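Overview (structure and organization)
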Amino acid sequence: METPLLLTDKQVQEFLINGYLILQPISLDRNFHSSIFTEVQSIFQQDANPGNNILPRIPQLQYVFDDPVVKGALLSLLGSNYNMQPHRHVHTTRPGTADQTWHKDSYFGYRKLLRHHQLRYTMVMYYPQDTTIEMGPTALIPRSQYDVKHQKMYSHSETLENPNTTSDDHDISLVCTAGTVVLIHYDIVHRGTANITNRSHRYMFKFQFTRLEEPTQPTWNHDPTNASYDAADAGLLQPIVKHIWNWMIGRVIPLQELTTDQDINMWKTQLRDHCGKIRLNAAYNLALNNEHNILIQQLYKNKEIPRFEATYALAACRYNKEAIDELQAVLAREENNEPIAYCIAFIFSEMGSAALDTLPLLINIIEKSHSFLVKQYCCEALGTIQVNEQHNIDTVVSCLTNVLADRDQLEDLKDASHIRFTAALSLAKLGAKAIQAIPSLKEALYLDKNRYVNANALLALKRIGTDEAVKIVLHYLEMSRWCAKTTAASLY
């Protein structure tokens, strides 16, 4: 296998700012892309959309993701142990198809109110045919990936934007040649556009990838002289991009104390601005300058937008022990106040190992809470707060396996399934440390009715990697080849 071609600092910075990169695979020729197009066209002529099952139906698609350019980009942005998610889809735009509405993708149909500014999820869009403007290419809105509610997606009253102003964000249409791969931030605003041709079908394969390990150092072709990148070229996104860059290179930033009272008052006022990017800019600047108490007060707002903007920014306080202690105290008081509790659980999940002291509280809430959202984000935090002491490992694994085993075979609510596959993914993130979870993971693999629980349990067993775990994986995969259930066949 060829050596992955890693991204440069400039490419990583461009991705953090604009939310996408256009890639051209170097190991695949037009004949390969033509064969993929012919095969997918045949499938659509004979059957329904295979959905998650597209990779087993066209296994040579794996060559796209093994290409040095594509693999190098994914490794650069998500770390060396990234994972292809079990959800994938073929999007087809037939002649006469109208424009889609602008949207951010759901998490394969599940409720995830808070997304991730820090790079945990990306998507790959692969186009096997030349795609002209008439065929209905995908359109993107660059720099929209951090917006809580973009005004092209919602009414002015829902976004807090001034109804008398128009957005400065301009969309681009991805007109491209056969074989083009577009790597996008999971949360960028996009849509399929109208196909005005008489007979040309446009196909796009969408695959999703996730980070499994917290960053400790750059995984791209990094020049150490660029470590202090200030993101001045990011405009209003500057403090957001600066924070994510520092997180990705594993850089510990001392608390800043260079601002004046005038700056603080300006940012505090801007939290009420009509422009979402100005509000986010202000929130992150407050977070990066020790003003966490102002942002914690925002968590008590009734409206989601100011609460979410403060939540994202507070994740940037991960090296501020006072902020973490105060957030933990608020969560202890407000654990039954769902909107505040799930926001703080999310903040701790984004902080990673810096939030180690919050583990007992998070575990206690998982065991007691009746809120699906709160438990979901607490379970997510147990996977990103990497524990190393055996006592902590045992406690975390025990908590997650209890969640994984909490199945109601008669009435399995979608939100309950979401908590279980989040728990399984957190066990996968723990890797070999989750060895005690093998019996529970095996049971989830064979008995759970949710295919994403099955997939994440399989992933966890692979990452544990003991002889026992590998034996379970191989047996399951062999069984799946003979199983008529598409949920099993579609996992990998």
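Residues numbered from 1 in each chain as written. Predicted model: local features only at pLDDT ≥ 70, side-chain atom pairs only at ≥ 80, totals over all residues. Heavy atoms only, no water.

**Points about the overall build of the protein**
Along the backbone of the protein there are 21 helices and eight strands. The C-alpha atoms of the protein give 23 Å as radius of gyration, which agrees with the globular expectation for 492 residues (23 Å, within 12%). Taken along the three principal axes of its C-alpha coordinates, the protein extends 65 × 55 × 45 Å. Buried residues in the protein amount to 57% of all 492 residues. In the protein, the share of contacts with a sequence separation of at least 24, taken over all contacts with a separation of at least 6, comes to 80%. For the protein, the distance from the average site of its 46 positive side-chain charges to the average site of its 53 negative ones is 4 Å. (Helix = DSSP H or I, 4+ residues; strand = E, 2+ residues; numbered from the N terminus. Rg over C-alpha atoms; globule rule 2.2 N^0.38 Å. Buried < 20%, exposed > 50% of the residue type's maximum accessible area, 1.4 Å probe, protein only. Contact = heavy atoms within 4.5 Å. Lys, Arg positive; Asp, Glu negative; His and termini not counted. Charge placed at Lys NZ, Arg CZ, Asp CG, Glu CD.)

**Re the pattern of salt bridges**
Note on pairing: side chains with opposite charge can pair once their charged atoms come close. One pass over the structure, following the stated rule, counts 19 salt bridges. For Lys10, the salt bridge identified is with Asp233, shortest N-O distance 3.7 Å. Of this pair, Lys10 sits in helix α1 (residues 9-18) while Asp233 sits in the loop between β8 (202-210) and α7 (238-248), and the two are 223 residues apart along the sequence. Assessed through its relative accessible area of 47%, Lys10 is described here as partly exposed. The residue Arg111 makes a salt bridge to Asp415 at a minimum N-O spacing of 3.1 Å. With a gap of 304 residues between them, Arg111 in the loop between β2 (83-93) and β3 (121-126) and Asp415 in helix α17 (residues 414-430) connect regions that are remote in the sequence. On the basis of relative accessible area, Asp415 is assigned to the partly exposed category, the value being 23%. Overlapping salt bridges bring together Arg120, Glu214 and Glu350 as one network. (Salt bridge = Lys/Arg side-chain N within 4 Å of Asp/Glu carboxyl O.)

**Section: the domain arrangement of the protein**
Once the domains are mapped, the protein shows domain 1 (9-146 + 169-210) and domain 2 (249-480). Summarising the inter-unit geometry, the C-alpha centres of domain 1 and domain 2 are found 27 Å apart. With 22 residues of domain 1 in contact, the opposing surface of domain 2 contributes 30 residues. For the domain 1 face of the interface with domain 2, the top three residues by lost area are Tyr110, Arg111 and Leu114, together amounting to 32%. Taken together, domain 1 and domain 2 are joined by three salt bridges. Residue Glu380 is joined to Lys112 by a salt bridge in which the shortest nitrogen-to-oxygen separation is 2.6 Å. (Domains from an automatic or database assignment. Buried area = accessible area lost by both parts, 1.4 Å probe.)

**Observations concerning the packing of α17 against helix α19 (residues 451-464)**
Running from amino to carboxyl end, α17 crosses α19 at an angle of 10°, the nearest separation of the two axes being 8 Å. Classified by the angle between their axes, α17 and α19 sit roughly parallel to one another. For the pair α17 and α19, the crossing hand works out as left-handed. For the pair α17 and α19, the contacting residues are Ser417, Arg420, Phe421, Ala424, Leu425, Leu427, Ala428 and Lys429 in the first and Tyr452, Val453, Asn456, Ala457, Leu459, Ala460 and Arg463 in the second. Here the contact of α17 with α19 is composed, by residue class, of 10 nonpolar, two polar and three charged. (Axes fitted to C-alpha atoms, helices over the stretch in contact; angles between N-to-C directions. Parallel < 35°, antiparallel > 145°, perpendicular 65-115°, else oblique. Left-handed = near helix turned anticlockwise from the far one by under 90°. Nonpolar A, V, L, I, M, F, W, Y, C, P; charged D, E, K, R; others polar.)

**Some thoughts on the side chain of His150**
Locating His150 in the fold gives a position in the loop between β4 (138-140) and α6 (156-159). We classify His150 as buried; its relative accessible area is 3%.

**As for helix α13 (residues 338-351)**
For α13, which comprises 14 residues, the first-to-last C-alpha distance of 20 Å matches the rise-based estimate of 20 Å (1.5 Å per residue) to within 8%. Buried residues dominate α13, accounting for 12 of its 14 residues. Looking at α13, one finds that the buried residues are Ile340, Ala341, Tyr342, Cys343, Ile344, Ala345, Phe346, Ile347, Phe348, Ser349, Glu350 and Met351. (Expected span 1.5 Å × (residues − 1).)

**What about the environment of Thr93?**
Within the secondary structure layout, Thr93 lies in strand β2. Taking the relative accessible area as the measure of exposure, Thr93 reaches 6% and is therefore buried. Each C-alpha atom, one on Thr93 and one on Asn281, is 37 Å from the other, the two residues being 188 residues apart in sequence. Other than its neighbours up to four places away in sequence, Thr93 contacts Met135, Gly136, Thr193, Asn195, Ser200, His201 and Arg202.

**Regarding the pairing of β8**
Sheet faces and side chains relate simply in a regular strand, where the side chains alternate between the two faces. Of all nine residues that make up β8, nine are buried, and the element is covered over most of its length. Because side chains alternate across β8, one face comprises the buried residues Arg202, Met204, Lys206, Gln208 and Thr210, and the other comprises Tyr203, Phe205, Phe207 and Phe209, equally buried. Note: β2 against β8, eight bridges, orientation antiparallel. Bridge pairing links Thr93 to Arg202 in β8. With six bridges connecting them, β3 and β8 associate as antiparallel partners. Bridging across to β8, Tyr121 finds its partner in Thr210. (Pairing = 2+ DSSP bridges.)

**Side note on the sheet that holds strand β5 (residues 172-173)**
Reading across the sheet, the three strands line up as β5-β4-β7 and stay open at both edges, with antiparallel pairing between neighbours. Here the strands that pair on one side only, and so sit at the sheet edges, are β5 and β7 (190-192). Bridge count for β4 against β5 is two bridges, and the pairing is antiparallel. Bridge pairing in β5 places Leu140 opposite Ile172.

**Regarding the pairing of β3**
The buried fraction of β3 amounts to six of the six residues, a majority that puts the element mostly inside the structure. Of the two faces of β3, the one holding Tyr121, Met123 and Met125 and the one holding Thr122, Val124 and Tyr126 are both buried throughout. Bridge count for β3 against strand β6 (residues 181-185) is five bridges, and the pairing is antiparallel. Following the sheet pairing, Tyr126 is matched in β6 by Val181.

**Let's talk about the packing of helix α16 (residues 390-404) against α17**
Where α16 meets α17, the closest approach of the two axes is 8 Å, and the angle between their N-to-C directions is 150°. Between α16 and α17 lies a crossing whose hand is left-handed. Taken together, the residues of α17 that come into contact with α16 (itself represented by Val396, Val397, Leu400, Thr401, Val403 and Leu404) are Ile419, Arg420, Ala423, Ala424, Ser426, Leu427 and Leu430. Split by residue class, the contact of α16 with α17 holds 10 nonpolar, two polar and one charged.

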